[in-house]
Structures are given as structure tokens and as C-alpha cells.
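Each chain, written out:
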Amino acid sequence: MKKILSATSLGLLLSALLILPSCFETDESNKAFRCFGTLYGSFASGYTVLSDDGVFLYPTNESILKAVPDLANANNIRRVFFWFNVVGDNQPAQLVRGQAYDINIVANGQNYGSSADDLIDIYDNTAASDTLWAHPQPLVSVSEGQSWVANGYINLCTYFMYSYTSPFSMDLAYNSSCDIDTENNIVTVTLCYNSTATSATNSAYTYFHYRLPDDLQGKLKVDKKVTFKIRGMLDTTNTQKDIATIQCAYADVKETRPTFQLFSE
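Residues numbered from 1 in each chain as written. Predicted model: local features only at pLDDT ≥ 70, side-chain atom pairs only at ≥ 80, totals over all residues. Heavy atoms only, no water.

J.: Whenever I open this one, the overall build of the chain confuses me. Can you help?
T.: Secondary structure summary: the chain contains 2 helices and 17 strands in total. Counting over 265 residues, the chain shows a buried share of 52%. A separation threshold of at least 6 residues defines the contact pool for the chain, and within that pool the share at least 24 residues apart is 71%. Entry remark: accessible area of the chain is about 12500 Å², with carbon and sulfur atoms responsible for 49%. (Helix = DSSP H or I, 4+ residues; strand = E, 2+ residues; numbered from the N terminus. Buried < 20%, exposed > 50% of the residue type's maximum accessible area, 1.4 Å probe, protein only. Contact = heavy atoms within 4.5 Å. Areas by Shrake-Rupley, 256 points an atom, 1.4 Å probe, with all protein chains shown as cover.)

See below:
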């Protein structure tokens with residue numbers, strides 16, 4: 001689905017500005033861990049965060065997450081970014097993949113979450129294909145070093161120009177009939193930036209998150225890494241070019257949702 005953003009919503013997205021994707025890099029000033037992950041559950045039933053490094057986190061101060069838009073719906077899933085401490089007197093030096101931890105979120109005043117749109121398949125979908133390039137605008141760049149794939153989401157650190165007075169959309173699309181190289185495990189996707197702005201004088205450097213199709217993994221080889229080629233328009237010629245390449249493990253292409261009780265014991 002095409003998603004329209006405003007300059008106000010962009011301001012919220014900018015909280016992750018210039019942050020590297022290593023999930024558990026620590027902040028030496030307060031010994032806190034930093035997390036990128038996926039949030040499951042609701043304020044009523046409790047939240048579980050599955051980090052992009054495969055660690056299960058249980059926030060004990062869940063009220064801080066109540067401000068994230070639309071989290072009242074238990075079926076909603078949101079990408080989240082925050083700093084946290086592990087509950088207890090002794091902070092571990094590192095967290096173990098597959099283990100669960102009670103945590104206390106310490107990044108007060110930050111934007112903790114953002115929505116994640118689906119990767120759009122334009123195969124046999126003329127309406128989507130037309131609207132994705134209705135008002136194309138050039139990107140500045142996509143940072144390979146700060147973009148990654150984990151737990152069924154592709155996360156792109158994008159640099160672009162925008163106008164405070166014009167809404168815009170940033171969608172990711174592919175054609176499932178021709179953009180998957182099953183022999184070499186290469187998936188080609190196109191980042192589509194649309195805006196009606198006639199003059200864009202403000203710059204933004206921030207993340208956008210897209211959920212990959214559940215059936216994508218089944219079209220790829222298990223024993224090879226997966227390469228995502230990102231295409232986009234970098235000038236006003238309306239020409240799509242290769243602008244970034246991201247590699248990931250085969251397992252990272254499909255989302256793994258928590259299947260256990262939401263509260264830690």
C-alpha cells in the first residue's frame with residue numbers, strides 16, 4: 001500500500017538519524033544497550049521485542065511505548081529503536097542470541113517506533129505500478145553500511161531532499177515475475193520517492209522499513225547468502241539505477257514471530 005508522509009511524520013523518523021545498525025552497541029555514558037527490532041503485542045496484553053540480533057526483550061516500563069501510534073491494536077507490528085538496560089544489579093557484557101531478558105527502556109524523549117510498509121509487488125498490478133511513479137523525485141543516496149535485512153524486514157538508510165509544505169511517499173517495489181534471480185539468490189527492488197514539491201530545500205537522512213513477502217524465502221536457495229540490489233532515481237532524468245547492494249543470510253529473509261507467552265517469567 002502506498003503510504004503518504006508529511007514533514008511532521010518525517011520529524012519523528014529522524015530520531016534514528018545517523019545511527020549504525022548494530023543492535024547491541026553500548027553507550028559508554030550510561031552503559032545502555034541500543035536495540036533495533038520488531039515489536040509484538042499490545043499495551044493491554046504486554047509487549048515482546050524481537051531484536052534484529054535475535055534476542056527477545058520484555059520491556060518492564062511499557063508505558064513508554066504507549067505513545068507509539070496505533071499500538072492499541074494487538075495485531076499491529078512496528079519497527080522500534082531504543083536504548084535500554086537489562087533489569088538487575090549486574091549488566092551483562094553482551095546479550096545472547098535466542099535468550100530472553102527483562103529490560104528497562106532508558107531513551108526517554110525519543111521516537112521509539114515507526115510503521116513498516118510491505119514490499120510492493122507490481123506484477124499484474126497496474127494500479128500500483130502507475131501510482132509508484134506518479135510524481136517521481138530523485139534521491140541523494142542509500143547508505144549500504146547503514147542498511148540491512150533482518151527478521152523479514154529490509155531497512156534502508158536513505159538520504160533525500162524534501163519540502164516542509166508537500167507530503168511525500170517512499171515505497172519499495174519489485175516485480176515477482178522478473179526481479180528474483182533464483183539461481184544466484186539476487187532480489188532486485190526499486191525505491192520509489194514521490195512528491196508534488198516543486199522545490200525541495202530540506203534534507204533528511206533517516207530509515208525506512210519494509211516487510212518482505214512470506215513466500216520470498218521459498219524462491220531462494222537455502223545454502224547461499226541473499227543479495228538485495230536497490231535501484232532508484234538519483235537525478236531528474238527518470239532513469240532507475242543501481243544505488244546500493246545489501247547481503248544477508250537466507251534465514252533473515254523471512255519473519256520469525258514469537259510463539260510463546262508475551263510475559264517473561
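Picking up after the structure, the text goes on.
J.: Teacher, can you tell me more about the nonpolar core here?
T.: Across soluble globular proteins, nonpolar side chains have a tendency to be buried as a group. Formed by 32 residues in total, the largest nonpolar core has its most connected members in I154, L156, F160, F228 and I230. The set of elements that each furnish at least two residues to this core consists of β10 (139-150), β11 (153-162), β12 (168-174), β14 (186-195), β15 (202-211), β16 (226-233) and β17 (240-248). Among the nonpolar cores identified, the runner-up in size contains 15 residues, and V49, V55, L57 and V86 belong to it. (Core = buried A, V, L, I, M, F, W, Y, C linked by side-chain atoms within 4.5 Å.)

J.: Help me out: how do you make sense of the packing of aromatic side chains in this one?
T.: Using the criterion set out here, one finds 14 aromatic pairs in the structure. Look at F160 and F208: their rings are 5.9 Å apart centre to centre, the planes differ by 50°, and that puts the pair in the tilted class. Taken together, the residues span a long stretch of sequence, with F160 in strand β11 and F208 in strand β15 at a distance of 48 residues. Its relative accessible area of 0% is what places F160 among the buried residues. By way of ring pairs, the aromatic residues F160, Y162, Y164, F168, Y193 and F208 are connected into one cluster. (Phe/Tyr/Trp six-rings, centres within 6.5 Å; stacked < 30°, edge-to-face > 60°.)

J.: Please clarify how the pairing of strand β6 (residues 100-105) should be interpreted in this entry.
T.: Residues in a regular strand project their side chains so that they alternate between the two faces of the sheet. The side-chain alternation of β6 yields one buried face, formed by Y101, I103 and I105, and one unburied face, formed by A100, D102 and N104. Pairing of strand β4 (residues 56-59) with β6 involves 4 bridges; the strand directions are parallel. Among the inter-strand pairings, P59 is bridged to a residue of β6, identified as I103. Here strand β5 (residues 78-86) runs beside β6; their pairing, made up of 3 bridges, is antiparallel. The partner of N85 across the bridge, within β6, is N104. (Pairing = 2+ DSSP bridges.)

J.: How should the side chain of N185 be read in this particular structure?
T.: On the secondary structure map, N185 appears in the loop between β13 (180-181) and β14. Residue class for N185 comes out buried when judged on its relative accessible area of 0%.

J.: Which parts of the structure should I look at to understand the pattern of salt bridges?
T.: Should their charged atoms come close, side chains of opposite charge can pair. Taken as a whole and judged by the stated rule, the model has 7 salt bridges. With a closest N to O distance of 3.8 Å, D215 and K219 form a salt bridge. Its salt-bridge partner being K241, residue D235 comes within 3.3 Å of it at the nearest N-O pair. According to the relative accessible area criterion, D235 is partly exposed, its value standing at 25%. Each of R211, D214 and E255 takes part in a single network of salt bridges with overlapping partners. (Salt bridge = Lys/Arg side-chain N within 4 Å of Asp/Glu carboxyl O.)

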